[in-house]
Every structure is written in C-alpha cells, then in structure tokens.
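# Notes for the structure review
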Amino acid sequence: APAATTSATRGRWSQENTYALGPEGCEHKFRDKATLLDKDRHNSVMATVGKLNAGLIPAEVGYCIMFSLTRQQYFLLWRSDKEQEAFMRLDIRDTGEQLHWTPSLAKPLGPKGSEHRFQGRALLLNTSIYNSVAGTVNELNSGRIRVDQGYCVIFSSSKAQYFLIYAQGKDYEAARF
C-alpha cells in the first residue's frame, strides 16, 4: 500500500507565506488560476492560515487566494512546499524590486465624468478608502497595498478629481494618460 501523505511531509501554511496581489479590481491576475476563498467567511490572513493548518479549509493544491478586509487587498497564500508551484501558476516573478512613490508624481485626470481617461488602462483603487494622494502614497510605500504595474488612479475627495499616481521611473507610462 502507498504511504499516506501527512501534514508533516506536505508542509505548513504560514503568515510569512503570503504575497499581496493587489486591491479589488485586480482579479484578472488570478481568475481561473487558483481557488478564491469566500470573502465573507475568510477575510483575515491570520485566521485563514490557522484554519488551513487545521484542515478546516480544503486547499488540496497547496495554495489559494483570499481577500483581507483590513488590508483591502487580495493575497496569495501557499503551503511551505508549494511556493514555486503557486508562483508559476499565477505567473508571478517576484523581482524584489521596490517601487518608490511620491506625492509629486501625481497627475490630475479630471473630475467625476473623466473616467474614460483611465478605464481599462489603469487600476482605480477603492474610492472610499484611497481618497487622498498623500495617504495613498504612504500606503503604497509601506507595502500595505501593492500595484505592480507602477501606476494607479485614485479619486481625491478634497480636490474632487481623479489623479494618476505613478512610481519613480514610470514617467513614460504616465505620459500616455
């Protein structure tokens, strides 16, 4: 008879084995590539990792996606023996390159009604959470939110207009807006 696979040989889930995929609107990165856990039932990384280790959440392939309510981002979670497989499946090439964001690299795009300038071309961050250039830049630099393409759009409530925020070195891409 074949030897049974135990959790000891399979690896463990850990809060360190997570990768920020981005905020709402980035679902195209992982659609049909990994299981997305129910956002209403699994919305805390720490609690989800605990349930995965306890076997309370089925994740036979050894990786899955969940949405963190506190971080307002999707996260890839993987078992310690499945990192390479998970990254390959989601086509993630983590270069370790840290993008640098600054409020001076924000370009006004216009008031409500100007959505045609960026729709389908740049990610619009959740307007109820990311509603100031400076606050969003702080979140981007801290790594609490991640926008791998190096630019995104927010709606500034104080200025009543959309802004394209872009990272240093992304001037060429920003000029197209």
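Right, let's walk through the structure included here. (Residues numbered from 1 in each chain as written. Predicted model: local features only at pLDDT ≥ 70, side-chain atom pairs only at ≥ 80, totals over all residues. Heavy atoms only, no water.)

What follows concerns the packing of aromatic side chains. Under the counting rule described, the total for this entry stands at seven aromatic pairs. Between Tyr 19 and Phe 87 the ring centres are 5.3 Å apart and the planes differ by 65°, which places this aromatic pair in the edge-to-face class. Here the residue Tyr 19 occupies a position in strand β1 (residues 13–22), and Phe 87 occupies one in helix α3 (residues 83–89), the gap between them amounting to 68 residues. Phe 87 matches Tyr 19 in its accessibility class, with the two residues each being buried. Their ring planes at 65° and their centres at 4.8 Å tell us that Phe 67 and Tyr 74 sit as a pair that is edge-to-face. (Phe/Tyr/Trp six-rings, centres within 6.5 Å; stacked < 30°, edge-to-face > 60°. Helix = DSSP H or I, 4+ residues; strand = E, 2+ residues; numbered from the N terminus. Buried < 20%, exposed > 50% of the residue type's maximum accessible area, 1.4 Å probe, protein only.)

This brings us to the environment of Gln 84. Take Gln 84: it is sitting in helix α3. Sequence-wise, Gln 84 and Ala 106 are 22 residues apart; in three dimensions their C-alpha atoms are separated by 36 Å.

Let's shift gears to the pattern of salt bridges. Across all of its chains, the model carries five salt bridges by this definition. Of the charged contacts in the structure, one is a salt bridge between Lys 82 and Glu 85, with a shortest N-O distance of 3.1 Å. Since its relative accessible area comes to 18%, Lys 82 is described here as buried. Residues participating in the shared-partner salt-bridge network are Lys 29, Arg 146 and Asp 148. (Salt bridge = Lys/Arg side-chain N within 4 Å of Asp/Glu carboxyl O.)

This part is about the layout of surface pockets. In this structure, the second largest pocket spans a volume of roughly 180 Å³. Contributing to the lining of the second largest pocket are 13 residues, with Arg 10, Trp 13, Leu 52, Gly 55 and Arg 79 lying nearest its centre. Counting residues per element, the ones that place at least two in the lining of the second largest pocket are α1 (7–10) and α2 (45–53). Of the residues contributing to the lining of the second largest pocket, the split by class is five nonpolar, four polar and four charged. (1 Å grid on protein atoms, 1.4 Å probe; cavity = no way out; pocket = protein on both sides within 12 Å on 5 of 7 lines; lining within 4 Å. Points joined across faces, edges and corners; volume = space filled by probe spheres on them. Nonpolar A, V, L, I, M, F, W, Y, C, P; charged D, E, K, R; others polar.)

Most of strand β6 (residues 161–167) sits out of view: six of its seven residues are buried. Relative to β6, strand β4 (residues 101–110) is paired through five bridges, and the arrangement is antiparallel. By the bridge assignment for β6, Trp 101 is matched with Ala 167. Strand direction decides the pairing type here: strand β5 (residues 151–156) and β6, joined by six bridges, are antiparallel. Its bridge partner being in β6, Val 153 is matched across the sheet by Leu 164. Two successive antiparallel strands, β5 and β6, enclose a turn made up of four residues, where Ala 160 displays a positive phi of approximately 55°. (Pairing = 2+ DSSP bridges.)

This part covers the sheet that holds β1. What the three strands build is an open sheet, ordered β1-β3-β2; its pairing is antiparallel. Every interior strand has two partners, whereas the edge strands, β1 and β2 (63–68), have only one. Strand-to-strand, the axes of this sheet are offset by a mean angle of 35°, without reference to chain direction. Summarising the sheet, β2 and strand β3 (residues 73–79) pair through six bridges and their orientation is antiparallel. Note that in β3 the partner of Ile 65 across the bridge is Leu 76. (Axes fitted to C-alpha atoms, helices over the stretch in contact; angles between N-to-C directions.)

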